[in-house]
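Letter by letter, the chains look like this.
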Amino acid sequence: MKVVVVLCSLSVALLGFMTYRAVRQELDISNLKTHMLVNVAEVKRKREATMELQNTINDLKTTLLSVTEKISNLKTKKEEINNSKVNVLQNCNKEKEDLQKRKADKEEAIVQLKAGHEVAKEKAEVDVQALKKQILERDTAICAFADTTKDEARKLCGIKELR
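First, a word on scope: everything that follows refers to the structure included in this document. This structure is a prediction, so every number in the text was calculated from the model and none was measured. (Residues numbered from 1 in each chain as written. Predicted model: local features only at pLDDT ≥ 70, side-chain atom pairs only at ≥ 80, totals over all residues. Heavy atoms only, no water.)

1. Brief notes about the overall build of the protein
- Check the secondary structure of the protein and you find two helices and zero strands.
- Computed over its C-alpha atoms, the radius of gyration of the protein comes to 65 Å, more than 25% above the 15 Å expected for a compact globule of 163 residues.
- Dimensions along the principal axes, computed over C-alpha positions, put the protein at roughly 210 × 25 × 15 Å.
- By residue count, 2% of the 163 residues in the protein fall in the buried class. (Helix = DSSP H or I, 4+ residues; strand = E, 2+ residues; numbered from the N terminus. Rg over C-alpha atoms; globule rule 2.2 N^0.38 Å. Buried < 20%, exposed > 50% of the residue type's maximum accessible area, 1.4 Å probe, protein only.)

2. Details of the environment of V40
- For V40, the position within the fold is in helix 1 (residues 2-145).
- We classify V40 as partly exposed; its relative accessible area is 38%.
- With 71 residues separating them along the chain, V40 and V111 place their C-alpha atoms 104 Å apart.

3. Quick look at the environment of L156
- With respect to the secondary-structure elements, L156 resides in helix 2 (residues 151-157).
- In the structure, L156 is positioned 152 residues away from V4 in sequence and 194 Å away in space, judged by C-alpha atoms.
- Beyond its immediate sequence surroundings of up to four residues, L156 is in contact with D139, I142 and C143. (Contact = heavy atoms within 4.5 Å.)

4. A few points about a nonpolar patch on the surface
- Judged by side-chain polarity, V3, V6, L7 and L10 come together as a nonpolar surface patch covering roughly 380 Å² of accessible area.
- Topologically, V3 is positioned in helix 1.
- Since its relative accessible area comes to 56%, V3 is described here as exposed. (Patch = residues over 30% accessible without salt bridge, like charges linked within 9 Å, V, L, I, M, F, W, Y side chains within 5 Å. Areas by Shrake-Rupley, 256 points an atom, 1.4 Å probe, with all protein chains shown as cover. Salt bridge = Lys/Arg side-chain N within 4 Å of Asp/Glu carboxyl O.)

5. Considerations on the pattern of salt bridges
- Enumeration according to the criterion identifies one salt bridge in this entry.
- For E42, the salt bridge identified is with K46, shortest N-O distance 3.5 Å. Of the two residues, E42 and K46 both sit in helix 1, four residues apart, roughly one turn of that helix.

What follows is the structure, encoded as structure tokens:
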């Protein structure tokens, strides 16, 4: 009988130990479920935060692309403006040189015209003096043969009237 009591005691002790282990496992499983639910909620929150950050990153990428495109457009416009400035400056310088050449040519032509005018003026004065001399010689030759009693002859010869 002692063996039966010992076996029953061992069975009861084993049953108690098994019950304790089952309760302990259930409590552990319950704690793990609670932790798992907390972790799932935290993962969902982090996933939503990650999605929001991803959307923000996509928005920033879009903005960055548009800003980059605007910058490249502005750079090309700046290059075009600089090129046009250079072209305008070159055209202005060419035009200035052309105008200076024309001015120099005109000044040279004016100097030549003045010189030619002076030569022509001197030649005309010489011709006028020669013609005056010819007229004076002709008048003196005519006066030598002219009748000084007539009014016209006296005027031609420069003789005053005799009264």
